Amino acid sequence: MSFTSKLGNKAQELRGRFKRNTGEVTGNRRLQAEGRSDEVKGRFKRMVEKVKDMFRGRGRRRHHP
């Protein structure tokens, strides 16, 4: 996956965190729920990309002695 896509996934996660925190401060439950949803979607997309990269051989390889 491209750097741009990875950056977009992280941005979605951060936007979600911002929305969730804003909702908590203002007491807006809808905003909290939207934020949680965006945060989880972004995190999930990043995890999927890591797995894809590992299968493509671009993931971090650990060397065991």
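Residues numbered from 1 in each chain as written. Predicted model: local features only at pLDDT ≥ 70, side-chain atom pairs only at ≥ 80, totals over all residues. Heavy atoms only, no water.

With respect to the pattern of salt bridges
Once their charged atoms are close, side chains differing in charge can pair, the charge on each being opposite to the other.
Here comes step 1: Tallied over the full model, the rule gives 13 salt bridges.
Here comes step 2: Between Glu13 and Arg43 there is a salt bridge, with the nearest N and O atoms lying 3.6 Å from each other. Here Glu13 is found in helix H1 (residues 3–26), whereas its partner Arg43 is found in helix H2 (residues 29–55), with 30 residues between them in sequence.
Here comes step 3: The class of Arg43 is partly exposed, set by a relative accessible area of 35%.
Here comes step 4: When salt bridges that share partners are traced, they join Glu13, Arg17, Arg20, Glu24, Glu39, Arg43 and Arg46 into one network. (Salt bridge = Lys/Arg side-chain N within 4 Å of Asp/Glu carboxyl O. Helix = DSSP H or I, 4+ residues; strand = E, 2+ residues; numbered from the N terminus. Buried < 20%, exposed > 50% of the residue type's maximum accessible area, 1.4 Å probe, protein only.)

What to know about H2
Here comes step 1: Over its 27 residues, H2 runs 39 Å from end to end, which matches the ideal 39 Å to within 8%, given 1.5 Å per residue.
Here comes step 2: Within H2, burial applies to Leu31, Gln32, Gly35, Asp38, Glu39, Gly42, Glu49 and Asp53.
Here comes step 3: Buried residues belonging to H2 abut H1.
Here comes step 4: Where H2 begins, one side-chain oxygen reaches toward the backbone nitrogen of Arg30, 3.1 Å away; that side chain belongs to Asn28. (Expected span 1.5 Å × (residues − 1). Contact = heavy atoms within 4.5 Å. Polar contact = N/O pair within 3.5 Å; in protein donor to acceptor, adjacent residues only side chain to side chain.)

As for the side chain of Glu39
Here comes step 1: By the element assignment, Glu39 lies in helix H2.
Here comes step 2: The class for Glu39 is buried, based on a relative accessible area of 6%.
Here comes step 3: Polar side-chain contacts of Glu39 include one of 3.5 Å to the side chain of Arg17.
Here comes step 4: In terms of polar contacts, Glu39 uses its side chain to reach the side chain of Arg20, at 2.7 Å.
Here comes step 5: Contacts of Glu39, omitting those with residues within four sequence positions, involve Gln12, Glu13, Gly16, Arg17 and Arg20.

What about the environment of Arg30?
Here comes step 1: Among the secondary structure elements, Arg30 is positioned in helix H2.
Here comes step 2: Looking at Arg30, the relative accessible area reads 53%, which means it is exposed.
Here comes step 3: Arg30 sits 11 residues away from Lys19 along the chain, and the two C-alpha atoms are 9.7 Å apart.

Nothing here speaks to function; it is all geometry.
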